[in-house]
Protein chains: 2
Amino acid sequence: MAFKSITEQWKIIKRGTEEILPENDLKKKLQHSKDSGQSLVIKLGCDPSRPDLHIGHGVVLRKLRHFQDLGHRAILVIGDFTAMIGDPTGRNKTRPQLTLEEALENSKSYLEQAKVILDIKRLKILYNSSWLNQMNFGDVIKLASHYTVARMLERDDFTKRFKSETAISIHEFMYPLAQGMDSVHLCADVEIGGTDQKFNLLVGRDLQKEYSQKPQTVITMPLLEGIDGIEKMSKSANNHIGLTEKPEEIYGRAMSIPDNMIYKYFLLGADANSDTLFRIKTELTDPLVNPRNVKRELARALVSLYHSQKDALKAEQHFDRVIVNKTEPKEMPELNLTVERSLVDVIREQGFTKSKSEGRRLIIQNAVRLDGEICRDINTILIPGKKVVIKIGKRRFLRII
Amino acid sequence: MAFKSITEQWKIIKRGTEEILPENDLKKKLQHSKDSGQSLVIKLGCDPSRPDLHIGHGVVLRKLRHFQDLGHRAILVIGDFTAMIGDPTGRNKTRPQLTLEEALENSKSYLEQAKVILDIKRLKILYNSSWLNQMNFGDVIKLASHYTVARMLERDDFTKRFKSETAISIHEFMYPLAQGMDSVHLCADVEIGGTDQKFNLLVGRDLQKEYSQKPQTVITMPLLEGIDGIEKMSKSANNHIGLTEKPEEIYGRAMSIPDNMIYKYFLLGADANSDTLFRIKTELTDPLVNPRNVKRELARALVSLYHSQKDALKAEQHFDRVIVNKTEPKEMPELNLTVERSLVDVIREQGFTKSKSEGRRLIIQNAVRLDGEICRDINTILIPGKKVVIKIGKRRFLRII
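Residues numbered from 1 in each chain as written. Chains lettered and ligands numbered in written order. Predicted model: local features only at pLDDT ≥ 70, side-chain atom pairs only at ≥ 80, totals over all residues. Heavy atoms only, no water.

Caption draft 1: Up close: the relation of the copies chain A and chain B. Superposition of chain A onto chain B requires a rotation of 179° combined with a translation of 0.1 Å along the rotation axis, giving an RMSD of 0.2 Å. On this basis, the relationship between the two copies can be described by a two-fold rotation axis. Within chain A, A:Asn136 has its C-alpha nearest the rotation axis, a separation of 2.1 Å. Comparing interface residues between copies, 100% of those in chain A also sit at the interface in chain B, which points to an isologous, same-surface contact. (Least-squares fit on C-alpha atoms with pLDDT ≥ 70 in both. Contact = heavy atoms within 4.5 Å.)

Okay, structure coming up:
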């Protein structure tokens, strides 16, 4: 196929990256690919034990998509091997043990979400259990012979734990090797990952050398802070913007980020191009521009990206009506009540809270309103036939009819 | 079956050991075995990559034999798994890579020699590849999860290498785990090994706990110095007494040990009982006893043990004739020479030296005699029909006829 010029490709590939290790290496590969008409093999590994995707996960997916758009071969490696083994010691909560069914179910859900970013038709999806499960003890010994203990202990978290005499189980050394083996198996030219994956990605590079392959180029992407602007984005911290969230939710959540995050969200979340990024940077330093308006553009850009431009305008109108003008939205979920129910029960059942105690807490914090009035009674009863609009937090509504 | 009293068993088991870890544990196991009539499972691992056995190897084999004589179940584990993998980095020369055929061939040779010590009919022989080869990557990860990096680094040689920044490959951590897995597989009650194996044996103990088994008792045996009394006994240092060596060779080599080794050789090499050991100790401190005579008893005891009492007496006579009285032995190998040959060639061909240069070196060192006269010419030619007795070193002869 005909590839774009190296300069054009580079501009897109480089955008938003933290590091490209080594840069020159990738440039050579791109040149060779263009000369020979052969696309590069780009690897991205994913962990099926955490299937709820947000725009934080989107950062690496987006980079993979860039390569797809440039005509290269994207491979998504589903890490079902480690997911099925989990952490045998049970100490590491980020590595729960999944059954084969759970792993497959999670992968399906992962792909369902990832397809809002990736060109799923041109995506190769592979499960690393298919080759790692084939390895026997002897193969593992050979694999492990390619890496030294001292080098493995250079990984940040290992160094810290070793120094502070916090136990490191030997099997933890196996995971970076397994992940590296994936690169060997695929003969990957490039691997993409978050900055927290840098060490593991470099292990893949080292192992490829040991197995007489051309070592992959490692591309690390920055971690995206959540909408609080402080913590890493995660569902558990509830500071995330889900990839398949509704337009209003994306818009509203985007509007709540601190101003110093606007540029980073344009770059990593909204996938803005260089021209836009340059303009945004200029506007943000211009004292005559209200950053709130830049943030509104960001919120629209995010909704446009994951839904459509039309949805973005609608979401903005909704936001203005509900938040800015503090009026009710035109449309909201409705519930036809047939028997008397406690307010706390109803909002829990409708999914606004996770537990009754969360509902009570919200009421105590004055975060629940009935027809615009703060509700202060945690024992409030809703009566059938008595219409009322319940507002939970800033943006969520339920109409009782 | 009916077992001997614990006191009697203990006397034999304890003899010659370096450590029993923990002693009380083993006493309880023996008591339980006696009470229930169930014999204990005693494990000894061996390395088929070094198939030439000497009385240094005999130390642990002898201890295993003690357990056999006491009615327990001896299992010899042939470590063919590691032998077939070897050291993938090729750095560790004590762990060469063998083919399956070589490993089997070596094991046969090992057993051929070991049977001079063990009761081979009641010996269970197992190859650890039969269970270790069954383990896949996931099983290995689970196994490795039971041991920490810090604990593994406590092994003496690892500690030293880690401190001196000498590379330790991660696969080296796998071998103690594999060996420990053998104990788990066998549900071993006791494992015997040299003091240099103490750490590995304790790993087996730890792993058994992790796999909810009663942990094995670890018995370590001292390493036996070679006949030089300094280095560890080994064929490569040529300070060994081979298990299947001829009576004269055993006798002669035993007579060359330094006096301070006599007791240890009685204890670990000649398997002397407590009464003999007590007497020997007394004699060795008695200024009226010539230690040379005690050593003669040792040499006879060793030949008696590996051949017969009759052989021992013959070997002693041979020794007195050849070494003490410096006369020729009655019998010696003969060679019918048909063409002129150089002396150096002939002694090499007949296996007295490993190379021609070794032959030349021996001549230069005045260690070769022709009919009792020192031969000083490295170019000496032997002529057909001219009978001569060649003496190489102190005890080896060849008659040219």
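That covers the picture; the talk isn't over yet.
Caption draft 2: How the structure looks around the packing of aromatic side chains. All names here are of chain A. In this structure the tally under the stated criterion is 7 aromatic pairs over all chains. The ring of phenylalanine 158 has arginine 155 lying over it, and the distance from NZ or CZ to the ring centre is 4.1 Å. The positively charged end of lysine 281 is found above the aromatic ring belonging to tyrosine 263, 4.5 Å away from the centroid. (Phe/Tyr/Trp six-rings, centres within 6.5 Å; stacked < 30°, edge-to-face > 60°. Lys NZ or Arg CZ within 6 Å of the ring centre and 35° of its normal.)

Caption draft 3: View of helix α7 (residues 137–144) of chain B. Summarising burial for α7(B): 6 of the 8 residues are buried, a large majority. Taken residue by residue, α7(B) has B:Phe137, B:Gly138, B:Val140, B:Ile141, B:Leu143 and B:Ala144 as its buried positions. Turning to α7(B), the residues buried within the fold contact α4 (80–85), α6 (129–132), α7 (137–144) and α10 (174–186) of chain A together with α10 (174–186) and α11 (198–210) of chain B. Looking at where α7(B) begins, the residue whose side-chain oxygen comes 3.0 Å from the main-chain nitrogen of B:Gly138 is B:Asn136. (Buried < 20%, exposed > 50% of the residue type's maximum accessible area, 1.4 Å probe, protein only. Helix = DSSP H or I, 4+ residues; strand = E, 2+ residues; numbered from the N terminus. Polar contact = N/O pair within 3.5 Å; in protein donor to acceptor, adjacent residues only side chain to side chain.)

Caption draft 4: The sheet that holds strand β1 (residues 19–21) of chain B, seen in detail. Residues and elements named next belong to chain B. If you trace the 6 strands from one edge of the open sheet to the other, you get β1-β6-β5-β2-β3-β4, paired in mixed fashion. Lying at the two open borders of the sheet, with one neighbouring strand each, are β1 and β4 (123–127). When strand polarity is set aside, the average angle formed by the axes of neighbouring strands in this sheet is 25°. Across 3 bridges, strand β2 (residues 41–46) lies against strand β5 (residues 190–194) in parallel orientation. What sits directly across from isoleucine 42, in β5, is valine 190. (Pairing = 2+ DSSP bridges. Axes fitted to C-alpha atoms, helices over the stretch in contact; angles between N-to-C directions.)

Caption draft 5: Representation of the side chain of B:Ser145 within the structure. Of note, B:Ser145 is situated in the loop between α7 and α8 (149–152). Here B:Ser145 falls in the buried class, since its relative accessible area comes to 7%. Not counting the four nearest positions on each side in its chain, B:Ser145 is found in contact with A:Pro88, A:Thr89, A:Ser169 and A:His171.

Structural measurements only, silent on function.
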